[in-house]
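This is what each chain is made of:
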Amino acid sequence: MFRSLVLCIIAPLAMPLLAQGGIRLLVSNVEPFVVGGAQHVGIGLDLDLADRLSLGVQGRMSIGVDGWVLNYRTAYHFNDAEYASFYFGPLVGYRHIGAQEGVNVIPLGFQLGWRGGLERFYADLHLGGHYNLGADEVLLEGGVKADILKTSFCAGLDLGWGWAGRNTRH
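What you see is a predicted model; the values in this text were computed from it and never measured.

J.: How would you explain the environment of proline 90 if you had to name every residue and give the values?
T.: Along the chain, proline 90 falls in strand E5 (residues 85–97). Owing to a relative accessible area of 47%, proline 90 belongs among the partly exposed residues under this scheme. Sequence spacing of proline 90 and arginine 73 is 17 residues, and the spatial spacing of their C-alpha atoms is 5.8 Å. Discounting residues that sit within four places of it in the chain, proline 90 has contacts with Tyr72, Arg73, Thr74, Gly109 and Phe110.

In C-alpha coordinates, the structure reads:
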(Lines give C-alpha, C1' and ligand atoms only; values in the text may rest on other atoms or scores of the structure.)
Protein backbone atom coordinates (compact mmCIF):
# COMPACT_ATOMS: atom_id res chain seq x y z
CA MET A 1 0.00 0.00 0.00
CA PHE A 2 2.81 2.40 0.87
CA ARG A 3 4.47 1.80 -2.53
CA SER A 4 1.21 2.56 -4.33
CA LEU A 5 0.81 5.80 -2.41
CA VAL A 6 4.39 6.87 -3.17
CA LEU A 7 3.92 6.03 -6.88
CA CYS A 8 0.67 8.03 -7.02
CA ILE A 9 2.50 11.06 -5.59
CA ILE A 10 5.79 10.81 -7.52
CA ALA A 11 4.43 9.86 -10.98
CA PRO A 12 2.48 13.10 -11.57
CA LEU A 13 5.47 15.13 -10.38
CA ALA A 14 7.82 13.35 -12.80
CA MET A 15 5.51 13.48 -15.84
CA PRO A 16 6.37 17.06 -16.85
CA LEU A 17 10.02 16.02 -17.12
CA LEU A 18 9.18 13.28 -19.62
CA ALA A 19 6.10 14.56 -21.45
CA GLN A 20 5.39 17.49 -23.69
CA GLY A 21 3.18 19.79 -21.63
CA GLY A 22 1.61 23.19 -21.28
CA ILE A 23 -0.21 25.59 -19.00
CA ARG A 24 -3.53 26.89 -20.34
CA LEU A 25 -5.68 29.89 -19.50
CA LEU A 26 -9.40 29.28 -19.87
CA VAL A 27 -10.33 32.65 -21.34
CA SER A 28 -13.81 31.91 -22.66
CA ASN A 29 -15.78 28.93 -21.38
CA VAL A 30 -19.57 28.75 -21.43
CA GLU A 31 -21.45 26.05 -19.56
CA PRO A 32 -25.14 26.36 -18.69
CA PHE A 33 -25.20 24.08 -15.62
CA VAL A 34 -27.94 26.23 -14.02
CA VAL A 35 -30.92 27.79 -15.77
CA GLY A 36 -29.59 30.94 -17.43
CA GLY A 37 -26.06 29.59 -17.97
CA ALA A 38 -22.67 30.54 -16.60
CA GLN A 39 -19.37 31.87 -17.92
CA HIS A 40 -16.08 30.49 -16.54
CA VAL A 41 -12.43 31.49 -16.29
CA GLY A 42 -9.61 29.33 -15.00
CA ILE A 43 -6.26 27.64 -15.46
CA GLY A 44 -5.21 24.15 -16.54
CA LEU A 45 -2.32 21.77 -17.19
CA ASP A 46 -1.93 19.65 -20.35
CA LEU A 47 0.41 16.69 -20.85
CA ASP A 48 0.98 14.59 -23.97
CA LEU A 49 1.68 11.08 -22.72
CA ALA A 50 2.15 9.40 -26.12
CA ASP A 51 1.86 10.22 -29.83
CA ARG A 52 -1.95 10.24 -29.69
CA LEU A 53 -2.79 10.31 -25.98
CA SER A 54 -3.03 13.35 -23.71
CA LEU A 55 -4.47 14.31 -20.36
CA GLY A 56 -5.59 17.59 -18.87
CA VAL A 57 -6.48 18.92 -15.45
CA GLN A 58 -8.21 22.26 -15.03
CA GLY A 59 -9.85 24.45 -12.42
CA ARG A 60 -12.57 26.96 -13.27
CA MET A 61 -14.38 29.66 -11.32
CA SER A 62 -17.92 30.60 -12.35
CA ILE A 63 -18.75 34.20 -13.18
CA GLY A 64 -22.24 35.30 -12.15
CA VAL A 65 -22.93 32.11 -10.17
CA ASP A 66 -21.20 31.26 -6.90
CA GLY A 67 -19.23 28.10 -7.71
CA TRP A 68 -16.12 26.34 -8.99
CA VAL A 69 -15.22 23.08 -10.73
CA LEU A 70 -12.15 20.83 -11.09
CA ASN A 71 -12.02 18.62 -14.22
CA TYR A 72 -9.81 15.76 -15.38
CA ARG A 73 -9.92 14.57 -18.98
CA THR A 74 -8.04 12.23 -21.26
CA ALA A 75 -8.07 12.47 -25.03
CA TYR A 76 -7.28 10.41 -28.10
CA HIS A 77 -5.82 12.60 -30.88
CA PHE A 78 -6.64 11.66 -34.48
CA ASN A 79 -3.18 12.92 -35.58
CA ASP A 80 0.12 13.05 -33.74
CA ALA A 81 -0.49 15.25 -30.64
CA GLU A 82 2.82 17.00 -31.31
CA TYR A 83 0.99 18.94 -34.04
CA ALA A 84 -2.48 20.47 -34.34
CA SER A 85 -5.10 17.73 -34.20
CA PHE A 86 -8.70 16.88 -33.47
CA TYR A 87 -9.29 14.90 -30.27
CA PHE A 88 -12.04 13.11 -28.34
CA GLY A 89 -12.17 11.74 -24.81
CA PRO A 90 -13.95 11.32 -21.49
CA LEU A 91 -13.99 13.77 -18.60
CA VAL A 92 -14.89 13.64 -14.91
CA GLY A 93 -15.06 16.47 -12.43
CA TYR A 94 -16.06 17.79 -9.04
CA ARG A 95 -18.22 20.93 -8.86
CA HIS A 96 -19.37 23.00 -5.90
CA ILE A 97 -22.30 25.37 -6.47
CA GLY A 98 -23.76 27.88 -4.04
CA ALA A 99 -22.70 29.25 -0.69
CA GLN A 100 -20.63 27.24 1.81
CA GLU A 101 -23.51 24.79 2.34
CA GLY A 102 -24.08 24.56 -1.42
CA VAL A 103 -24.45 21.49 -3.59
CA ASN A 104 -21.63 19.21 -4.79
CA VAL A 105 -22.04 17.68 -8.25
CA ILE A 106 -19.98 15.13 -10.21
CA PRO A 107 -19.99 15.95 -13.95
CA LEU A 108 -19.34 12.85 -16.15
CA GLY A 109 -19.12 13.23 -19.90
CA PHE A 110 -16.94 13.79 -22.95
CA GLN A 111 -15.04 16.54 -24.72
CA LEU A 112 -14.05 16.94 -28.36
CA GLY A 113 -12.05 19.67 -29.95
CA TRP A 114 -9.10 20.88 -31.95
CA ARG A 115 -5.83 21.62 -30.14
CA GLY A 116 -2.51 22.85 -31.40
CA GLY A 117 0.80 21.20 -30.53
CA LEU A 118 1.93 22.04 -27.01
CA GLU A 119 5.38 23.43 -27.81
CA ARG A 120 5.24 27.23 -27.33
CA PHE A 121 1.89 28.99 -27.95
CA TYR A 122 -1.18 26.78 -28.51
CA ALA A 123 -4.96 27.09 -28.55
CA ASP A 124 -7.78 24.63 -27.84
CA LEU A 125 -11.27 25.09 -29.28
CA HIS A 126 -13.60 22.54 -27.69
CA LEU A 127 -17.18 21.32 -27.15
CA GLY A 128 -18.45 18.82 -24.64
CA GLY A 129 -21.42 17.39 -22.86
CA HIS A 130 -21.96 15.77 -19.52
CA TYR A 131 -24.40 14.42 -16.98
CA ASN A 132 -24.35 16.08 -13.55
CA LEU A 133 -24.57 13.39 -10.85
CA GLY A 134 -26.24 14.84 -7.76
CA ALA A 135 -27.96 17.71 -9.58
CA ASP A 136 -30.61 19.32 -7.40
CA GLU A 137 -31.94 22.70 -6.34
CA VAL A 138 -29.35 25.04 -4.80
CA LEU A 139 -29.52 28.26 -2.81
CA LEU A 140 -27.36 30.91 -4.49
CA GLU A 141 -25.98 34.15 -3.07
CA GLY A 142 -28.76 36.52 -2.05
CA GLY A 143 -31.19 33.71 -1.21
CA VAL A 144 -32.04 32.97 -4.87
CA LYS A 145 -32.97 29.35 -5.61
CA ALA A 146 -31.73 27.77 -8.85
CA ASP A 147 -32.13 24.34 -10.41
CA ILE A 148 -28.95 22.55 -11.48
CA LEU A 149 -29.46 20.96 -14.89
CA LYS A 150 -29.08 17.15 -15.06
CA THR A 151 -27.35 17.42 -18.45
CA SER A 152 -25.39 20.32 -19.86
CA PHE A 153 -22.94 21.19 -22.60
CA CYS A 154 -19.80 23.28 -22.58
CA ALA A 155 -17.93 25.23 -25.23
CA GLY A 156 -14.70 27.14 -24.94
CA LEU A 157 -11.53 28.63 -26.27
CA ASP A 158 -8.40 28.15 -24.18
CA LEU A 159 -4.95 29.64 -24.82
CA GLY A 160 -1.71 28.23 -23.48
CA TRP A 161 2.07 28.13 -23.49
CA GLY A 162 3.85 24.79 -23.60
CA TRP A 163 7.22 23.08 -23.55
CA ALA A 164 8.77 20.17 -25.42
CA GLY A 165 9.23 16.94 -23.54
CA ARG A 166 12.08 14.50 -23.68
CA ASN A 167 12.15 12.89 -27.14
CA THR A 168 11.41 9.19 -26.60
CA ARG A 169 10.69 8.31 -30.25
CA HIS A 170 14.28 7.52 -31.25
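Alright, that's what it looks like, and here's the rest.
J.: Could you give an account of unusual backbone geometry, naming the residues involved and the relevant values?
T.: One non-glycine residue, arginine 120, adopts positive backbone phi at about 70°. Structurally, arginine 120 can be placed in strand E7 (residues 120–133). The class for arginine 120 is exposed, based on a relative accessible area of 55%.

J.: An account of the packing of aromatic side chains is requested, with residue identities and associated values reported.
T.: In this structure the tally under the stated criterion is three aromatic pairs. Aromatic pair tryptophan 68 and tyrosine 94: ring centres 5.7 Å apart, planes at 45°, arrangement tilted. Highlighted residues: tryptophan 68 in strand E4 (residues 67–77) and tyrosine 94 in strand E5, separated in sequence by 26 residues. Aromatic side chains tyrosine 76 and phenylalanine 78 sit 5.5 Å apart centroid to centroid with 85° between the ring planes, which places their arrangement in the edge-to-face category. Since its relative accessible area comes to 42%, tyrosine 76 is described here as partly exposed. For phenylalanine 78, a relative accessible area of 48% puts it in the partly exposed group. Its guanidinium or amino end placed over the ring of tyrosine 87, arginine 73 lies 5.3 Å from that ring's centre, counting from NZ or CZ.

J.: I'd like to hear about the pattern of salt bridges, residue by residue, with values.
T.: Opposite charge on two side chains lets them pair, provided their charged atoms get close. Under the definition given, this model contains seven salt bridges. A salt bridge links aspartate 46 to arginine 24; the shortest N-O distance between them is 2.7 Å. Note that aspartate 46 is positioned in strand E2 (residues 39–50) and arginine 24 in strand E1 (residues 20–30), a separation of 22 residues in sequence. With its nearest N and O atoms 2.8 Å apart, the salt bridge here joins arginine 24 to aspartate 124. With arginine 24 in strand E1 and aspartate 124 in strand E7, this residue pair connects regions lying 100 residues apart in the sequence. The burial state of arginine 24 is the same as that of aspartate 124; both residues are buried.

J.: Residues and numbers for the sheet that holds E7, please.
T.: Spatially, eight strands are ordered E1-E2-E3-E4-E5-E6-E7-E10 in a closed barrel, and the strand pairing comes out antiparallel. Between one strand and the next, the sheet's axes are offset by a mean angle of 25°, whatever the strand orientation. Across nine bridges, the pairing between E4 and E5 is antiparallel. Across the sheet, histidine 77 pairs through a bridge with tyrosine 87, a residue of E5.

Rules used throughout
- All residue numbers refer to position in the chain's written sequence, counted from 1.
- It should be noted that, the model being predicted, local features are given only for residues of pLDDT at least 70 and side-chain atom pairs only at 80 or more, the latter also being counted only at that level, while totals for whole chains, interfaces and linings use all residues.
- Hydrogens are left out, water is left out, and the side-chain values use all remaining heavy atoms of the structure.
- Numbered from the N terminus, helices here are DSSP runs of H or I no shorter than four residues, and strands are runs of E no shorter than two.
- Exposed residues in this analysis have more than 50% of their type's maximum accessible area, buried residues have under 20%, and partly exposed residues fall in between, with area computed by a 1.4 Å probe over protein chains only.
- Contact between two residues is taken to exist if any of their heavy atoms lie within 4.5 Å; hydrogens are not considered.
- Two rings from Phe, Tyr or Trp (for Trp, the six-membered ring) form a pair when their centres are within 6.5 Å of each other. A pair whose planes differ by under 30 degrees is stacked, one over 60 is edge-to-face, and the rest are tilted.
- Working rule: Lys NZ or Arg CZ, within 6 Å of ring centre, within 35 degrees of ring normal, means a charge sits over the ring.
- Put simply, a salt bridge is a Lys or Arg side-chain nitrogen that is within 4 Å of an Asp or Glu carboxyl oxygen.
- Strands qualify as paired when DSSP identifies two bridges or more between them.
- In this analysis, axes come from line fits to C-alpha atoms, helices being fitted only over the stretch in contact, and the angle between any two N-to-C directions falls in the range 0 to 180 degrees.

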